[in-house]
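# Coordinates in review
Below, each chain spelled out in residue letters.
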Amino acid sequence: MLAPGDLQLTEAAVPSPGDGQALARVKYLSIDPTMRVWMVVDTYLPVVAIGEVMRCVGFAEVVESRHKDFKKGDKVMGLTGLQDYTLIDGSEKRGFHKVPPVPFVSDTAFLGVFGGNGLTAYFGMMEIAKPQKGETLVVSAAAGATGSIAGQIGKIHGCRVVGIAGSDEKCKWITEELGFDAAINYKHPDWKEKLAAATPKGIDINYENVGGEIMQEVLKRMNLFGRVVLCGLISGYTKEDPGLVSLGLILVKRLKVQGFIILDFASRFMEAATQLGKWKMFGKLKDRETIVEGLEKAPDAINMLFTGANIGKLIVKI
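Report on the accompanying structure. All values reported here derive from a predicted model rather than from experimental measurement.

With the rule as written, the count across this model stands at 8 aromatic pairs. Each ring, one from Phe123 and one from Phe265, has its centre 4.5 Å from the other, and the planes form 5°; the classification is stacked. Highlighted residues: Phe123 in helix 2 (residues 116-129) and Phe265 in the loop between strand 11 (256-259) and helix 8 (269-281), separated in sequence by 142 residues. Through a chain of ring-to-ring contacts, the aromatic side chains of Tyr122, Phe123, Phe260, Phe265 and Trp279 assemble into a single cluster. The aromatic ring of Trp38 is capped on one face by Arg55, whose charged end is 5.1 Å from the ring centroid.

So, in structure tokens, the structure goes:
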């Protein structure tokens, strides 16, 4: 867990954009489990070095521009970092792009259901899980920003969907509001028995966000030739020993296990966002946000991911 002093709040003069640059004021920050990984090791992105601005996806508005592709008032998304203002450079490598104005869609939706979480759920389900009517899908961290959307995509395709979450409130939300067929609170002592009861025909698809003991128990219930979408392993991000699962079950059950990173599908983001938008417009997709106010609260917000204090998408409002 982040301790006081791991991240430092500092002040500096607001930068002025030079030729080929734009200055944007950050409005919202997307708080995601991968931030904890970025602090420690090189992954699909290099580790954040000591003394650098902490990496973070954000939603911002251009306030001054000398960049040919951005004008004042443009709303943008990209790796803003945990800061009030960010400079967008002509040789930008942080993936900044303009957000189109969409009627009746909030700015924060572009960090959640239409952002990285929604896109991750979409491609994990549609390209790897390939859900079929009548199959059983289990989603861990099911009340989180990605798991909640993945489960709803499963329902859209006719699956029996079982979610695993960490509180009765979260279980109630995913069943009563999102339409999951069953929900398991893994903090209850009999959760393993309840998982078995909720999956009488076994499990065909595991959308995995947690890893560790929860993933191991789900793998025990998997049917032969089942599919495992390896999206995240949040249970191990704050531990020296992440408690990875046994590969024996994968062998014996002949499971297809595929990890993926959302950047793998960058060329198809618009396709996914369009479909997610249609589902949301027709009421087939619902979302929820937990908003924390103040940049100084960002370290606390990151820790919330690992204590289960949020429901749905976790966002810091600046």
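Further notes follow.
As a packed pair, helix 2 and helix 8 sit with axes 10 Å apart at the nearest point and diverge in direction by 95°. In terms of orientation, helix 2 lies roughly perpendicular with respect to helix 8. Residue-level inspection shows Gly118, Leu119, Tyr122, Phe123 and Met126 of helix 2 in contact with helix 8, the latter providing Phe269, Glu271, Ala272, Ala273, Gln275, Leu276 and Trp279. Here the contact of helix 2 with helix 8 is composed, by residue class, of 9 nonpolar, 2 polar and 1 charged.

Another aspect to go through is the layout of surface pockets. Of the volumes computed, that of the second largest pocket is approximately 1,100 Å³. As for the second largest pocket, its lining consists of 33 residues, and the residues nearest its centre are Gln8, Thr10, Val53, Met54 and Leu82. Among the elements of the structure, strand 4 (85-88) and helix 9 (298-307) are those that each provide at least two residues to the lining of the second largest pocket. Examining the composition of the lining of the second largest pocket, we find that 3 residues originate from one element, strand 4, more than from any other. Per-class residue counts for the lining of the second largest pocket are 21 nonpolar, 6 polar and 6 charged.

As a further point, take the pairing of strand 10 (residues 222-230). Pairing of strand 9 (residues 203-208) with strand 10 involves 5 bridges; the strand directions are parallel. When the sheet's bridge partners are listed, Ile205 is paired in strand 10 with Arg227. Traced from strand 9 through helix 6 (residues 212-220) to strand 10, the parallel crossover comes out right-handed. Pairing of strand 10 with strand 11 involves 4 bridges; the strand directions are parallel. The residue of strand 11 that forms the bridge with Val228 is Val257.

This part covers empty space enclosed by the protein. Summary: where empty space remains is shown by rolling a probe the size of a single water molecule over the atoms. Evaluation of the coordinates by the stated rule reveals 1 cavity of 30 Å³ or more. Each pocket or cavity is described by its volume, and for the largest cavity that value is around 60 Å³. Among the residues making up the lining of the largest cavity, the classes are represented as 3 nonpolar, 4 polar and 4 charged.

In the structure shown here, the tally under the stated rule is 16 salt bridges. Of the charged contacts, one joins Asp32 and Lys313 as a salt bridge, the two residues approaching to 2.7 Å between their closest N and O atoms. Of this pair, Asp32 sits in the loop between strand 1 (22-30) and helix 1 (34-38) while Lys313 sits in strand 13 (residues 313-317), placing them 281 residues apart in sequence. Among the salt bridges present, the one from Asp107 reaches Lys75, with a minimum N-O distance of 3.2 Å. A residue pair is termed long-range when its members are at least 10 positions apart, and Asp107 in the loop between strand 5 (97-98) and helix 2 and Lys75 in strand 3 (residues 75-78) qualify at 32 residues. Judged by relative accessible area, which is 17%, Asp107 ranks as buried. Several salt bridges share partner residues, and in doing so they unite Lys192, Glu213, Glu217 and Lys220 into one network.

Below, the discussion takes up the pairing of strand 4. For a regular strand, side chains alternate in direction, first toward one face of the sheet and then toward the other. A one-sided burial pattern is seen for strand 4, the buried positions being Thr86 and Ile88 and the unburied ones Tyr85 and Leu87. As defined by bridge partners, strand 1 adjoins strand 4 across 4 bridges and the pair is classed as antiparallel. The residue of strand 4 that forms the bridge with Ala24 is Thr86.

With that settled, the discussion passes to the sheet that holds strand 8 (residues 182-185). Strand order in the open sheet formed by 6 strands is 8-7-6-9-10-11, and the pairing between neighbours is parallel. Looking at the sheet topology across the chains shown, the edges are occupied by strand 8 and strand 11. Taking each pair of neighbouring strands and ignoring which way they run, the sheet shows an average axis angle of 15°. The pairing of strand 6 (residues 136-140) with strand 9 spans 3 bridges and is classified as parallel. Residue Leu137 lies in a different strand from strand 9, and its bridge partner there is Ile205. Set on the sheet, helix 4 (residues 168-177) makes contact with strand 7 (160-165) and strand 8; between it and strand 8 the angle comes to about 170°. Sheet contacts for helix 5 (residues 191-198): strand 6, strand 7 and strand 8; angle to strand 8, the most-contacted strand, approximately 165°.

For Arg55, the location among the structural elements is in the loop between helix 1 and strand 2 (57-65). It is Glu52 that comes nearest to the buried, bridge-free Arg55 among opposite-charge side chains, at 5.4 Å. Polar side-chain contacts of Arg55 include one of 2.8 Å to the backbone oxygen of Pro46. Excluding residues that lie within four positions of it along the chain, Arg55 makes contacts with Met35, Trp38, Leu45, Pro46, Val47, Val48, Leu79 and Gly81.

Rules used throughout
Residues numbered from 1 in each chain as written. Predicted model: local features only at pLDDT ≥ 70, side-chain atom pairs only at ≥ 80, totals over all residues. Heavy atoms only, no water. Phe/Tyr/Trp six-rings, centres within 6.5 Å; stacked < 30°, edge-to-face > 60°. Helix = DSSP H or I, 4+ residues; strand = E, 2+ residues; numbered from the N terminus. Lys NZ or Arg CZ within 6 Å of the ring centre and 35° of its normal. Axes fitted to C-alpha atoms, helices over the stretch in contact; angles between N-to-C directions. Parallel < 35°, antiparallel > 145°, perpendicular 65-115°, else oblique. Contact = heavy atoms within 4.5 Å. Nonpolar A, V, L, I, M, F, W, Y, C, P; charged D, E, K, R; others polar. 1 Å grid on protein atoms, 1.4 Å probe; cavity = no way out; pocket = protein on both sides within 12 Å on 5 of 7 lines; lining within 4 Å. Points joined across faces, edges and corners; volume = space filled by probe spheres on them. Pairing = 2+ DSSP bridges. Right-handed = clockwise from strand over helix to strand, strands pointing away. Salt bridge = Lys/Arg side-chain N within 4 Å of Asp/Glu carboxyl O. Buried < 20%, exposed > 50% of the residue type's maximum accessible area, 1.4 Å probe, protein only. Lys, Arg positive; Asp, Glu negative; His and termini not counted. Polar contact = N/O pair within 3.5 Å; in protein donor to acceptor, adjacent residues only side chain to side chain.

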